[in-house]
Amino acid sequence: MISEFIYKYYIDPIRYGGAYTIVDTLTYAFILVVSVYLVYRWLKRSGIAIDTELVLATLPFVVLGGLLRVVQDTGMITSDLQYLLITPLIFFTLFFYAIPLLYAGKALEKRGMISRYSRFYGGAGIVSCIVAAAALTVFGLTETRIALDVLVIILTMASITSLALWALLRYAFGWTYVSDILYKLLIFGHLLDASATSYGIDLHPVRYVEQHVVGSTLIELTGTAFSMFLLKLVVIVPAIYILELYRKEGNPDLWHLIVLAMIVVGMAPGIRDMVRMILYV
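Residues numbered from 1 in each chain as written. Predicted model: local features only at pLDDT ≥ 70, side-chain atom pairs only at ≥ 80, totals over all residues. Heavy atoms only, no water.

As annotated in an unreviewed UniProt entry, the protein carries the name DUF63 domain-containing protein and is attributed to Methanoculleus taiwanensis.

Quick look at the structure:
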């Protein structure tokens with residue numbers, strides 16, 4: 001009975017690429033919360049400052065996660081190693097890839113070999129993104145196509161909606177704190193996800209589907225994937241308000257990690273979906 005439950009809700013969806021259910025969604029949400037806290041405790045014990053510099057230097061690895069998901073989508077990796085690039089295993093894959101680079105950057109900084117660890121750590125992430133993007137470019141040129149018009153459309157949608165939401169919060173609501181670069185990235189990451197989802201389901205020649213249970217339910221009820229923008233607004237606006245209250249009254253270090261986690265769950269799938277549509281995979 002237990003093994004059947006595990007296979008039905010956790011193993012088979014990873015192996016066969018099935019849609020998310022309420023069971024695995026809640027499970028992964030719980031794992032995310034616990035993971036953020038454990039990473040926080042580990043960073044504190046390691047003496048690594050949990051600040052904006054760390055978050056920004058980690059962003060290339062967020063992009064890398066989205067790109068590597070597309071590498072798995074293309075079928076370039078045929079062995080069982082491909083499952084390491086599927087949610088949720090990809091989070092652990094990237095964690096154990098990034099942490100040694102973070103440690104190396106801090107060690108080089110302490111020895112005076114570099115001025116800031118973030119240059120090495122973030123730079124390694126950027127190089128990794130370039131390698132992954134190069135592999136996907138070759139695949140697109142040789143196996144499918146590279147639709148730059150899709151790239152322009154989705155990025156334009158994400159940019160316009162992000163700017164509109166930021167301006168609303170900054171000037172209509174008077175939330176001056178949304179000018180923080182991390183809040184800007186949080187807004188853009190989630191609206192990139194909404195833009196890619198709405199374009200892919202309603203407008204792209206290859207009709208994609210929403211795998212997440214909340215999003216798919218909303219799309220089914222409204223009849224359009226553009227309702228994802230409404231869902232993002234319902235989540236992002238109160239989240240930013242609560243996050244700012246927590247930063248003022250709570251723990252600034254943990255605040256940085258929570259914001260990073262929220263950027264990840266929006267930006268990484270947004271990049272994955274956008275790149276899939278560019279390559280028609």
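There is more to say, and it comes next.
Digging into the side chain of Ser198
By the element assignment, Ser198 lies in helix α7 (residues 181-202). Setting aside residues no more than four positions away along its own chain, Ser198 makes contact with Met157, Leu203, Ala225, Phe226 and Phe229. (Helix = DSSP H or I, 4+ residues; strand = E, 2+ residues; numbered from the N terminus. Contact = heavy atoms within 4.5 Å.)

Topic: helix α10 (residues 252-279)
With 28 residues, α10 ought to run about 40 Å at 1.5 Å a step, and its terminal C-alpha atoms sit 40 Å apart, in line with that. The principal kink in α10, of about 25 degrees, is found at Val264. By the criterion of burial, α10 is predominantly enclosed, with 22 of the 28 residues buried. A positive phi of about 60 degrees marks Tyr280, the residue just after α10. (Expected span 1.5 Å × (residues − 1). Bend = angle between axes of the 7 residues up to and from the residue. Buried < 20%, exposed > 50% of the residue type's maximum accessible area, 1.4 Å probe, protein only.)

Describing the packing of aromatic side chains
Applying the stated rule across the entire model yields twelve aromatic pairs. Seen from their ring centres, Phe61 and Tyr97 are 6.2 Å apart, and the 65 degrees between their planes marks the pair as edge-to-face. One end of the pair, Phe61, is in helix α3 (residues 52-74); the other, Tyr97, is in helix α4 (residues 89-110), and 36 residues separate them in sequence. When its relative accessible area of 4% is taken as the criterion, Phe61 is described as buried. Judged by centre distance (5.3 Å) and plane angle (75 degrees), the rings of Phe173 and Trp175 are edge-to-face. A relative accessible area of 13% means that Trp175 is categorised as buried. Every member of this aromatic cluster is reached through a ring pair, and the members are Phe173, Trp175, Tyr177, Tyr183, Tyr241 and Trp255. (Phe/Tyr/Trp six-rings, centres within 6.5 Å; stacked < 30°, edge-to-face > 60°.)

A short note on the domain arrangement of the protein
Domain boundaries assigned for the protein yield domain 1 (1-47), domain 2 (52-143) and domain 3 (146-280). Taking only C-alpha atoms into account, the centre of domain 2 sits 21 Å from that of domain 3. Domain 2 puts 17 residues into the contact, and the matching count from domain 3 is 15 residues. For the pair domain 2 and domain 3, the summed buried area comes to about 1,500 Å², and 83% of that belongs to carbon and sulfur atoms. Across the domain 2-domain 3 interface, the total number found is two salt bridges. The closest approach of N and O atoms between Asp73 and Arg272, which form a salt bridge, is 2.8 Å. At the boundary of domain 2 and domain 3, one finds two residue pairs in polar contact (both at pLDDT 80 or more). At the level of secondary structure, the elements contributing two or more residues to the side of domain 2 that touches domain 3 comprise α3 and α5 (117-142). No other element matches α3, which puts twelve residues into the side of domain 2 that touches domain 3. Of the residues in the side of domain 2 that touches domain 3, the class split is ten nonpolar, five polar and two charged. (Domains from an automatic or database assignment. Buried area = accessible area lost by both parts, 1.4 Å probe. Salt bridge = Lys/Arg side-chain N within 4 Å of Asp/Glu carboxyl O. Polar contact = N/O pair within 3.5 Å; in protein donor to acceptor, adjacent residues only side chain to side chain. Nonpolar A, V, L, I, M, F, W, Y, C, P; charged D, E, K, R; others polar.)

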